[in-house]
Every structure is written in C-alpha cells, then in structure tokens.
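# An overview of the molecular structure
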Amino acid sequence: MQIRKTLLAVCCLLLLPAFAAAQEFPAKPIKLIVPFPAGGPNDIIARLVGQRMSELTRQPVVIDNRGGQAGVLGTDAVAKAAPDGYTIGIVSASALVINPSMEKVPYDVEKDFAPVTLVVTVPEMLVVASNVPASNMAELVALAKAQPGKLNFASAGVGGLPHLAGELFKLTAKVDIVHVPYRGAAPAINDLLGQQVQMTFLDLPVILPHIRSGSLRPIALGAPARAPTAPDVPTTAEVGMPDLRIENWYGLIAPGGTPPAIVASLNRIATTAMNDPGVKEKLADQGLTVVGDAPEHFRAFIGSEFVKWEKVIKDAGLAAAK
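The structure displayed is predicted, hence computed values, not measured ones. (Residues numbered from 1 in each chain as written. Predicted model: local features only at pLDDT ≥ 70, side-chain atom pairs only at ≥ 80, totals over all residues. Heavy atoms only, no water.)

## Brief notes about the overall build of the protein chain
- Scanning the protein chain from terminus to terminus reveals 11 helices and 10 strands.
- Principal-axis analysis of the C-alpha atoms places the extent of the protein chain at approximately 80 × 45 × 30 Å.
- Every one of the 322 residues in the protein chain was classed for burial, and the buried ones make up 54%.
- A total of about 14,000 Å² of accessible surface is found on the protein chain, and carbon and sulfur atoms cover 57% of it.
- Averaging the locations of the 28 positively and 28 negatively charged side chains of the protein chain gives two centres separated by 4 Å. (Helix = DSSP H or I, 4+ residues; strand = E, 2+ residues; numbered from the N terminus. Buried < 20%, exposed > 50% of the residue type's maximum accessible area, 1.4 Å probe, protein only. Areas by Shrake-Rupley, 256 points an atom, 1.4 Å probe, with all protein chains shown as cover. Lys, Arg positive; Asp, Glu negative; His and termini not counted. Charge placed at Lys NZ, Arg CZ, Asp CG, Glu CD.)

Shown next as structure tokens:
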C-alpha cells in the first residue's frame, strides 16, 4: 500500500509541470500558420477565428501565410515547430489527406501532428468564366465533349481538393479537360476572371462574391442541399451527378508531441471562438458550417477522409511513386 502511495505521489509530481503549463497557457503570442496565400479560404477562416482567440486569451494570434505545394510547405512548418502550443496551423484535406495519398510528403500525418479540432466544413462550387457558353451542367458537359482536351480547369494547386474535384468531375461526366494548377485560390480566381481558364471548383466563400457580382457563372454546388447564401444554385445531385458531392473542411493542428493538456487548452479556446455568435454568423454568411469537435474525433475524421479520396486518386491515376 505504501509503495502504491509513493508511486502515485511521484506520478502527480511528474504531471504538475504539464498542468501548470496548461493553466498558464497561453503566456505569449500564438503563431497560426496558414499554408496558402492571403485571400484564400484557409486565410479567411484563420483570421476570423484567430481574432476571437486573441480576444479570449488576451494574447496576439499572429497569422503567418506560407503558401506552396497545395498546403504541404506550410503544413510541414507546423510539423517542424516546437511542440509547445505556440505554433499551430489551419489545414484542409489537401495537405493532410490528398497529397500524402498521392506522393511522398516530408511529414507523417499520424506521428507529426496533434489534431486540435475540426473547424468548419464547406461545399465546393463549380463555376465557369463569363465567356464560357454554358449556363448549366448539361450545356457544360456537352461543350466539353464537343471539344476534348480544349477546355481547362483551374485549381489552388496539385493535390488540393479543388484539383481532386476536377478529376472527379472528369470521371463522372466522362469528359477530357485539362488541369491548370495555381499557388492558391486567389491567383486561380484572377485568371478565371481574366478568362485565361474556363472553370474551377473552389470553396463557396471564395467564389461567393464573384457570383454575386455576376463576374463568374455558377453551375452546381457539391453539397447535399442548396446553400442559403446561394439558393438559386442547384446541387450536383439535382443536375444528375449525385456522386459529385464534394465538401472541403478546415481544422486546427498542433505539432506532434504537444502535451495533451495544451492541446485541450487550444481546443477549448478555439471551439469557444468558433461558437461566438458574431464569428459563427460571419462563417455561416459565407456558406460555412461550424463543427468544433474533440481532438480524438478530428483524428478519426482525418482517417475516414483518407479512405474517401483514395479511390478517386487511384481511378484518376494520380498516385506517384513514393
């Protein structure tokens, strides 16, 4: 009995520094790495949630945009950071699911990250440039089939969800269109507005302003139901392509090895920020659905996404030798 009490006392003493750190956290600014250029969906969400996190903690949450390789470069910066909770990242399916399934990446998704929370889900929308002579899915498919290899689609980078969305569209509609990757959503949209590319799948909040202004023409939304922010745009199921359901997601991660107590603190701060009425309303206005789950649930969700997109990657012949 005495030995058991002694061991218990030793364990408590060993845990005290972790508990103390969690109680004091954060004691300095938090860096939030956005692995895409400013103006994209990751950036929009990070700034909204990060600002409220800063207000709650009374510590700056500094946005650090590090674009490149469909989010891999910025995500790797999170993996290489000190596991103390003061460097975190916002990630999407591209860096944590799709790219690791397609090619060798410089991090191990299972070991190098501590999932914090799934922040939001968001549907992808298919839009075309204003000079494309198609106003609905049937006309767009007919146009692509009449000109095999002549039309192209932009994406935010090789291996991103918009890229996979375009590949799934090719497989589903049986059309031959050419992929044109960019370093983020913003430059892809710029060339779409300039009519240098014909179409793209991108997150609803990024596309929405251009739909409202009439500069881009919506074709379909890859969600189970129409979006309140774009009620006139049909879903892919409504236009006869139920398998073309595509929803992106964004979540917060910390470096692997971050103490569980610190991860729990980050989860509490982030979910409180996300569920702030003002933040939640702004996210909803852009077609985003706030989630805010536990770290273990987010980890399980990431695993399920691997399974979901592996088939598309295989069928499209996108996997490279690792």
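## As for the packing of aromatic side chains
- For the structure on display, the rule yields 5 aromatic pairs.
- Between Phe25 and Tyr86, the ring centres sit 5.0 Å apart and the planes meet at 55°, which makes this aromatic pair tilted. With Phe25 in the loop between helix H1 (2–24) and strand E1 (30–34) and Tyr86 in the loop between helix H3 (72–80) and strand E3 (87–92), the pair connects residues that are 61 residues apart, well separated along the chain.
- For the pair Trp249 and Phe301, a centre-to-centre distance of 5.3 Å together with 80° between the ring planes defines the contact as edge-to-face. Of the two residues, Trp249 sits in strand E9 (residues 247–255) while Phe301 sits in helix H11 (residues 295–315), which places them 52 residues apart along the sequence.
- Through a chain of ring-to-ring contacts, three or more aromatic side chains come together here, namely Trp249, Phe298 and Phe301. (Phe/Tyr/Trp six-rings, centres within 6.5 Å; stacked < 30°, edge-to-face > 60°.)

## Focus on the pattern of salt bridges
- In this structure the tally under the stated criterion is 10 salt bridges.
- Residues Asp43 and Arg47 are paired through a salt bridge, measuring 2.9 Å at the closest nitrogen-oxygen approach. Placement of both Asp43 and Arg47 in helix H2 (residues 41–57) is noted, with a separation of 4 residues, approximately one turn of the helix.
- It is possible to trace a salt-bridge network through shared partners that takes in Arg52, Glu55 and Asp276. (Salt bridge = Lys/Arg side-chain N within 4 Å of Asp/Glu carboxyl O.)

## Thoughts on the packing of helix H6 (residues 161–173) against H11
- H11 packs onto H6 with a crossing angle of 60° between their chain directions and a minimal axis gap of 10 Å. As far as their axial angle goes, H11 and H6 are oblique. Considering how the two elements wind past one another, H6 and H11 form a crossing that is left-handed. Along its contact with H6, which presents Leu161, Leu164, Leu168 and Leu171, the element H11 presents Trp309, Val312, Ile313 and Asp315.
- Of the residues belonging to the contact of H6 with H11, the class tally is 7 nonpolar, no polar and 1 charged. (Axes fitted to C-alpha atoms, helices over the stretch in contact; angles between N-to-C directions. Parallel < 35°, antiparallel > 145°, perpendicular 65-115°, else oblique. Left-handed = near helix turned anticlockwise from the far one by under 90°. Contact = heavy atoms within 4.5 Å. Nonpolar A, V, L, I, M, F, W, Y, C, P; charged D, E, K, R; others polar.)

## Quick look at helix H9 (residues 260–274)
- Along its 15 residues, H9 runs 21 Å from first to last C-alpha, staying within 8% of the 21 Å computed at 1.5 Å per residue.
- Listed in full, the buried residues belonging to H9 are Ile262, Val263, Ser265, Leu266, Asn267, Ile269, Ala270, Thr271, Ala273 and Met274. (Expected span 1.5 Å × (residues − 1).)

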